[in-house]
Amino acid sequence: MSKNYFSLARTIIKDVGGAKNIKSLHHCQTRLRFLLNNYDLTDTNDLKKQKDILQVVKSAGEFQIVIGMTVAEVYHELMFQLNRTKHDDKIEKKKAKKQKPIDIVTDFISSVFSPIIPALAGAGMVKALLAIFVAFKVLAPTSQTYTILNMIGDGTFAFLPILLAFTTAKKLQTNPYLAASVAGIICHPTWATLVTTGKPIHLFNVIPVYSATYIGSVIPIILVILVQAPIERWLNKVIPHSIRLVFAPMILFLTMGVLALTLIAPLGYWIGSLLTGIFTWLGTNASWAPAFILGGTYSILVVFGLHHSLAPIGMIQLTQMGYDSLFGPGVLLANIGQGTAGIIVGLMTKNQKTREIGTSGGITGLMGVTEPILYGVNFPKKYPLIAGAIGGACGGLVAGLLGVRRFATGSSGLPAIVMYIGDNTMQYFYAILIGLVITILVTIISTFILFKKFDQDKDSNETKQESTLKENNLKNEQIFAPCDGKFVPLSKVHDTVFSKELMGKGLAIEPTSNTIIAPFNGKVSALMKTKHAIGVTSDKGCELLIHIGLDTVNLNGKYYESFVKLGDDIKKGQKLISADFKQIKKAGFETQIPVIVTNSKDYKKVEVISNDPINAGNLIIEVIN
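On a predicted model such as this, the values are computed, not experimentally measured, just so you know.

K.L.:
Looking at this structure, how should I read the pairing of strand 2 (residues 31–36)?
P.N.:
It is a general feature of regular strands that their side chains alternate between the two faces of the sheet. Burial analysis of strand 2 places six of its six residues in the buried class, the great majority of the element. Covered by surrounding structure in strand 2 are R31, R33 and L35 together with L32, F34 and L36, the residues of both alternating faces. Sheet topology places strand 1 (residues 22–27) next to strand 2; five bridges connect them, and they run antiparallel. Residue H26 lies in a different strand from strand 2, and its bridge partner there is R33. Summarising the sheet, strand 2 and strand 4 (residues 62–66) pair through four bridges and their orientation is antiparallel. Bridge pairing in strand 4 places F34 opposite F63.

K.L.:
Could you clarify how one ought to interpret the environment of N615 in this entry?
P.N.:
Its place among the elements puts N615 in the loop between strand 18 (605–608) and strand 19 (619–624). Counting along the chain gives 96 residues from N615 to P519, while the straight-line C-alpha distance between them is 12 Å. Here N615 is in contact with A481, C483 and D484, once residues within four sequence places are set aside.

K.L.:
What am I meant to see in the state of the cysteines here?
P.N.:
Simply put, disulfide is the name for a covalent bond between the sulfur atoms of two cysteines. Counting across every chain of the model gives zero disulfides. C483 provides the cysteine sulfur closest to C542, a residue in no disulfide bond, and the two sulfurs are 17 Å apart.

K.L.:
Even after reading the chapter, I still don't get the packing of helix 14 (residues 328–348) against helix 17 (residues 383–401), so can you show me in this structure?
P.N.:
Helix packing geometry: the angle between the two helix axes and the distance between the axes. The geometry of helix 14 relative to helix 17 is characterised by a closest axis approach of 7 Å and an angle of 140° between their N-to-C directions. Here helix 14 is positioned oblique relative to helix 17, judged by the angle of their axes. Both helix 14 and helix 17 take part in a crossing whose hand is right-handed. Counting all contacts with helix 14, which are made through L333, A334, G337, Q338, A341 and V345, the residues of helix 17 involved are Y383, P384, L385, G388, A389, G392, G395, G396 and A399. Across the contact of helix 14 with helix 17, the residue classes break down as nine nonpolar, six polar and no charged.

K.L.:
Just checking my understanding: could you explain the confidence of the model for the chain for this structure?
P.N.:
As a general rule, the predicted coordinates of low-pLDDT regions are not to be interpreted in detail. Of the residues in the chain, 91% have a pLDDT of 70 or more, and the chain-wide mean is 83. Taken as a whole, residues 84–97 scores under 50 in pLDDT and shows 31 contacts with residues more than four places along the chain or in a different chain.

K.L.:
Please explain empty space enclosed by the protein as it appears in this structure.
P.N.:
The gaps left among the atoms become clear once a water-sized probe is rolled over them. A full pass over the atoms with the stated rule returns one cavity of 30 Å³ or more. As a volume, the largest cavity reaches approximately 30 Å³. Lining the largest cavity, in full, are L178, E232, L235, N236, A248, P249 and L252. For the lining of the largest cavity, the secondary structure elements donating two or more residues are helix 10 (219–238) and helix 11 (241–285). When its residues are assigned to classes, the lining of the largest cavity shows five nonpolar, one polar and one charged.

K.L.:
What is the right way to look at the sheet that holds strand 13 (residues 543–547) in this model?
P.N.:
Sheet strands line up and pair through hydrogen bonds in the backbone, either parallel or antiparallel. The seven strands lie next to each other as 8-9-17-13-12-11-15, forming an open sheet whose pairing is antiparallel. In the strand order of this sheet, the two ends are held by strand 8 (485–489) and strand 15 (569–570), each with one partner. By the bridge criterion, five bridges tie strand 12 (residues 533–538) to strand 13 in an arrangement that is antiparallel. Paired with A533 across the strands is H547, a residue of strand 13.

K.L.:
So what exactly am I meant to see when it comes to helix 6 (residues 144–158) here?
P.N.:
The periodicity of an α-helix, 3.6 residues per turn, causes residues three or four places apart in sequence to face the same way. Bending of helix 6 peaks at approximately 35° at the position of I152. Those residues of helix 6 that fall on the buried side of the exposure criterion are N150, G153, T156 and F157.

K.L.:
What should I look at first to understand the pattern of salt bridges in this one?
P.N.:
A side chain of one charge can pair with a side chain of the opposite charge when the charged atoms of the two come close. Tallying each qualifying case throughout the model produces nine salt bridges. Notably, a salt bridge pairs D15 with K14, separated by 2.7 Å at the nearest N-O pair. Overall, the relative accessible area of 1% leaves D15 in the buried class. Accessibility expressed as a relative area gives 52% for K14, which makes it exposed. Connected through salt bridges with shared partners, the residues K14, D15 and D46 form a single ionic network.

K.L.:
Mind showing me how you'd approach the side chain of E232 here?
P.N.:
Relative to the helices and strands, E232 resides in helix 10. No salt bridge is formed by the buried E232; its nearest oppositely charged neighbour, R233, is found at 7.5 Å. Among residues more than four places away in sequence, those in contact with E232 are T174, N175, L178 and L252.

K.L.:
Sorry, what's going on with the environment of F448 here?
P.N.:
Within the fold, F448 resides in helix 18 (residues 427–454). In the structure, F448 is positioned 216 residues away from E232 in sequence and 59 Å away in space, judged by C-alpha atoms.

K.L.:
Could you clarify how one ought to interpret the nonpolar core in this entry?
P.N.:
Generally speaking, a soluble globular protein has its nonpolar side chains buried in company with each other. The biggest cluster of nonpolar side chains holds 46 residues, and the ones touching the most others in it are F113, L164, I221, V224 and I225. Among the elements of the structure, helix 4 (101–113), helix 5 (117–135), helix 7 (160–172), helix 8 (176–186), helix 9 (189–196), helix 10, helix 11 and helix 13 (311–321) are those that each provide at least two residues to this core. When sequence neighbours within four positions are dropped, the list of residues in contact with F113 reads L164, V218, I222, P312 and M315. Judged by nonpolar contacts, the second largest core, of 35 residues, contains A518, V536, I593 and I620.

K.L.:
What should I look at first to understand the packing of aromatic side chains in this one?
P.N.:
Both the distance between ring centres and the angle between the ring planes are used here to describe each pair of aromatic rings. If you walk through the whole model with that rule in mind, you get nine aromatic pairs. Relative to Y177, the ring of F166 has its centre 5.4 Å away and its plane inclined at 80°; by these criteria the two rings are edge-to-face. Note that F166 is positioned in helix 7 and Y177 in helix 8, a separation of 11 residues in sequence. Residue classification places F166 among the partly exposed positions, given a relative accessible area of 26%. By relative accessible area, which is 59% here, Y177 ends up exposed. These aromatic residues form a ring-pair network of at least three members: Y210, Y214, Y269 and W270. Its end group placed over the ring of F379, K382 keeps NZ or CZ at 4.6 Å from the ring centre.

Calculation rules
- Residues numbered from 1 in each chain as written.
- Predicted model: local features only at pLDDT ≥ 70, side-chain atom pairs only at ≥ 80, totals over all residues.
- Heavy atoms only, no water.
- Buried < 20%, exposed > 50% of the residue type's maximum accessible area, 1.4 Å probe, protein only.
- Helix = DSSP H or I, 4+ residues; strand = E, 2+ residues; numbered from the N terminus.
- Pairing = 2+ DSSP bridges.
- Contact = heavy atoms within 4.5 Å.
- Disulfide = S-S within 2.5 Å.
- Axes fitted to C-alpha atoms, helices over the stretch in contact; angles between N-to-C directions.
- Parallel < 35°, antiparallel > 145°, perpendicular 65-115°, else oblique.
- Left-handed = near helix turned anticlockwise from the far one by under 90°.
- Nonpolar A, V, L, I, M, F, W, Y, C, P; charged D, E, K, R; others polar.
- pLDDT = per-residue confidence, 0-100.
- 1 Å grid on protein atoms, 1.4 Å probe; cavity = no way out; pocket = protein on both sides within 12 Å on 5 of 7 lines; lining within 4 Å.
- Points joined across faces, edges and corners; volume = space filled by probe spheres on them.
- Bend = angle between axes of the 7 residues up to and from the residue.
- Salt bridge = Lys/Arg side-chain N within 4 Å of Asp/Glu carboxyl O.
- Lys, Arg positive; Asp, Glu negative; His and termini not counted.
- Core = buried A, V, L, I, M, F, W, Y, C linked by side-chain atoms within 4.5 Å.
- Phe/Tyr/Trp six-rings, centres within 6.5 Å; stacked < 30°, edge-to-face > 60°.
- Lys NZ or Arg CZ within 6 Å of the ring centre and 35° of its normal.

Below, the structure is given as structure tokens:
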């Protein structure tokens, strides 16, 4: 659990309609994914106002809140507040509105595959690293070191059915450990040995068993668990509780072991073989199509949260054929296109906020995570989204014509290019490099042209408006003392952050009263949960920090009481916080109160009035614009 996201998690729970409105919750790499009982209870506008939320999307029957790379920490805090540990992501089952079949399928695929992406990414990078060692003759494929490293990288893929059994069972709300055990049956080395002998296999000398190996497969185990789930529920219902612990798993293993090996897994194997035939046909007759189509459209799917439903295609091809030419290349080039477009907009714009989001979000996009740049710049402005899609499509077309393949799965950013080294050749690596260069060049040109056409005048006007607004807002301001006490110059404060004016100019007060009052008319712009510090912004734009004691964050709110909350309007002289300074001193903390103008750089002068003693409500600072 992360204490940093307590308020955010509480707000999210409130704005999705409360805990009772949540049917299920899981997360992918960048977003929280809710299934809700009543979507009308959500407050989308309030969610979008939260600074840690990039976007809110309702798509494919899911209510998705885009967080970014800290999504796991927010998720764990949410689960804690929903009275679940971070190891138990089940929310009490509720009756929900009937979903459309496409929504059910999309949600199922996302729930099954999203949790195992980190394992696949880590294993994929190990395989990629090994491929580099071989390509540059650091290791020989016949060496024991190669064999061991290959085993480390292959472990996740070899026992992929066990991971999929676990996530599928969790999605179906059945016992994931029993599901993993059943997956172990079809992955057992003894079964692989029986198959490799080439002899017919029979159960009880009567029932024929189809000879196929399922190590690294995807479809067979998902079908098996889909059948296992209702059988397991039925067994738990009909077997008396006193003997259920022993007999239900025994009967389940025998039943599912036989069904899996004789009927269900072979059906999955045949479906996989059919897909292999389709993949082979595409690779021979239309190798350009997948990378071209995904390069141009994938980012739009990301915006609406539909992209995870496509990921299994590449994973299935990888497990069936040892490479992925359908999903990975197009996605990589699409991400690079969006990241490049964001960076170019950031470099060309005169708008400070757009510049910051464009450059930082663009770099993140190049690393494979595009949500920040998509929701921050490209999608709102539209033309960078189009420019990135054009670049991704062009790069995908060329890479597809060159027959590009990746040999591992993982992130879809620049670090992933090593995954295109394999089959003891560098040709696919060179192919993806050519695709990347074309994507970047076409995107730069497209973004430049579209920026000149759609954004240059608007950008200039926005900058002028911002400048005028700032000029109007930052008027001369008088700041009045928040409490009684003795004047202390900032240079005498026993904290270098304040004494060296790193936070801004101001003064400090050694308090002689326990009440902190509002220094002007304005709004509460920041309020620490520990109540030891409060930020207020005046109606004229002056931003003030009142830090009540030094290092008092360690008191965790003890001896403090707040009379306002974040976002409240305040009037000069209004009671904000009370602090028991006598007890704070006894606890070993200093009670100096730095009063800092945090946006001092926006003013020509911050003039401190050094009257001593200081009386609450007396003038202590004047800021001059």
